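Architecture at a glance
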Amino acid sequence: MTVFVQLVVSALGFGGIYALAALGLTIIFKTSNVVNFAYGAMATVVAMLVWTAHASLGLPTALAWALGIIGGGAMGIAVDLGLMRRVEGSAPLVSIVMTIGLLLAVEGLTGVIWGYGPKGIANVVGGRSFAIGPISVDRNDLFVAALAVVVAIALHLFYERTRLGLAVRAVAADAETASLMGVSRKWVLAGSWAAGVAVAGAAAALAAPSLGLTPTLMDDAAVFAFAAAVLGGLGSLIGAVVGGFAVGILSDLVAGYISTNLQLTVVFALIVVVLYLRPQGLFGRAAQVRQ
């Protein structure tokens with residue numbers, strides 16, 4: 001039982017990272033109905049910006065993070081206005097191909113600009129782990145898990161309790177009617193891309209100390225985060241967080257009890273079962289078609 005609890009506690013860090021990355025994916029899908037397959041590569045750029053600001057320019061950690069997040073938001077706006085807006089209204093396959101092409105392009109450019117060698121980046125929260133009985137708890141893991149929950153709550157309050165959040169929900173529900181009511185659909189979508197890339201970028205910067213900061217930093221983590229978003233229900237903030245922690249804990253249990261080679265296999269097997277029983281995911285809403 002001690003081993004089981006230790007594995008679950010140790011999974012909180014990566015569970016939080018998957019949850020944040022899934023939130024970034026969900027924010028964009030929630031308004032544009034586009035699954036951004038390039039979000040992992042774009043998130044890696046944010047981590048690279050944080051490293052550059054801190055290690056190369058010598059800026060304080062907090063300022064380096066702020067500049068990285070702002071840079072990620074600017075990149076999200078540029079991608080939406082410069083690329084995705086061009087294929088708006090096209091078949092869903094077009095946006096899928098566009099984001100996959102963007103993934104390859106961004107990852108390649110990241111390697112050209114920053115190089116392919118691993119770079120060192122420190123955890124946000126340092127210090128030794130502490131013990132609760134026989135269980136060892138990492139302070140940084142707790143911070144990452146708490147951050148994911150706080151970000152999800154903040155986003156929920158934004159969407160449900162603010163006028164701007166109401167405007168975003170209006171665009172997501174009926175863009176044409178929202179435009180007639182004076183809501184700028186153009187900037188709502190651009191803002192969603194900015195927020196989505198920024199949140200996913202925070203996940204990449206938090207993952208970098210453990211995975212090593214390289215252009216392919218988020219390749220595997222993005223797959224797990226995508227699985228988390230689908231498991232929870234694409235478009236659901238609660239689902240992204242629950243799915244992120246579920247995938248993190250499940251993959252850690254598989255690695256601890258079976259093999260690290262089977263982590264992805266077991267996670268996707270679970271998703272297939274869940275989607276077979278509930279196609280919209282655990283917290284997603286089933287599409288309603290009017291007859």
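Everything below is about the structure printed above this text.
As a starting point, this report considers the structure included with it. (Residues numbered from 1 in each chain as written. Predicted model: local features only at pLDDT ≥ 70, side-chain atom pairs only at ≥ 80, totals over all residues. Heavy atoms only, no water.)

1. Some details on the side chain of Lys 119
The line we're drawing: Every helix listed is a DSSP run of H or I at least four residues long, and every strand listed is a run of E at least two residues long, numbered separately from the N terminus. Within 3.5 Å is the distance limit for a polar contact, defined as a pair of N or O atoms, with the added protein rule that one can donate a hydrogen and the other accept it, and that residues adjacent in sequence qualify only through two side-chain atoms. Contacts: residue pairs with any heavy atoms within 4.5 Å of one another.
Here Lys 119 shows up in the loop between α5 (92-114) and β1 (130-132). A polar contact of 2.6 Å, which involves the side chain of Lys 119, links it to the backbone oxygen of Trp 114. Engagement of the side chain of Lys 119 in a polar contact is seen with the backbone oxygen of Gly 117, the distance being 3.2 Å. In this structure Lys 119 touches Met 48, Trp 51, Trp 114 and Leu 213, once residues within four positions along its chain are discounted.

2. Points about the pattern of salt bridges
Selection rule: Take a side-chain nitrogen of Lys or Arg and a carboxyl oxygen of Asp or Glu: if they are within 4 Å of each other, that pair is a salt bridge. Using a 1.4 Å probe on the protein chains alone, a residue whose accessible area is under 20% of its type maximum counts as buried, one over 50% counts as exposed, and one in between counts as partly exposed.
Under the criterion given, the structure shown has 3 salt bridges. Notably, a salt bridge pairs Asp 80 with Arg 85, separated by 2.3 Å at the nearest N-O pair. Judged by relative accessible area, which is 3%, Asp 80 ranks as buried. Glu 88 is paired through a salt bridge with Arg 85; the nearest N and O atoms lie 3.8 Å apart. Several salt bridges converge on common partners, so that one network encompasses Asp 80, Arg 85, Glu 88 and Arg 185.

3. Considerations on helix α7 (residues 163-173)
Convention followed: The arc in question is traced by the directions running from the helix axis to the C-beta atoms.
Regarding α7, the residues found buried are Gly 165, Ala 167, Val 168 and Val 171. For α7, the buried positions fall inside an angular range of 155 degrees around the axis, keeping them on one side. For α7, exposure combined with an orientation more than 90 degrees from the buried face picks out Arg 163 and Ala 173. Tucked into the core, α7 has its buried residues touching α2 (12-32), α6 (139-161), α8 (175-180) and α9 (185-211).

4. Here we look at the packing of aromatic side chains
Here a ring pair, both rings aromatic, is described through the centre-centre distance and the interplanar angle of the planes. To keep things clear, this is the line we draw: Planes of paired rings set the category: under 30 degrees apart is stacked, over 60 is edge-to-face and the rest tilted, where pairs are Phe, Tyr or Trp rings (Trp by its six-membered ring) whose centres lie within 6.5 Å. Comment: the charge-over-ring label is applied if NZ (Lys) or CZ (Arg) is within 6 Å of the ring centre and within 35 degrees of the ring normal.
If you walk through the whole model with that rule in mind, you get 4 aromatic pairs. Judged by centre distance (6.0 Å) and plane angle (40 degrees), the ring pair of Phe 14 and Tyr 18 falls under tilted. Of the two residues, Phe 14 and Tyr 18 are both situated in helix α2; the distance of 4 residues between them amounts to about one turn of the helix. Between Phe 37 and Phe 226 the ring centres are 5.8 Å apart and the planes differ by 45 degrees, which places this aromatic pair in the tilted class. Pair noted here: Phe 37 is in the loop between α2 and α3 (39-56) and Phe 226 is in helix α10 (residues 219-232), with a separation of 189 residues, a long-range link. Phe 226 gets classed as partly exposed once you look at its relative accessible area, which sits at 24%. Clustering of aromatic rings is evident, with ring pairs tying together Phe 14, Tyr 18 and Phe 224. Here the guanidinium or amino end of Lys 30 rests over the ring plane of Tyr 159, the centre of that ring lying 5.4 Å away. Cation over ring: Lys 119 sits above Trp 51, and NZ or CZ is 5.6 Å from the ring centre.

Geometric values such as these leave the question of function open.
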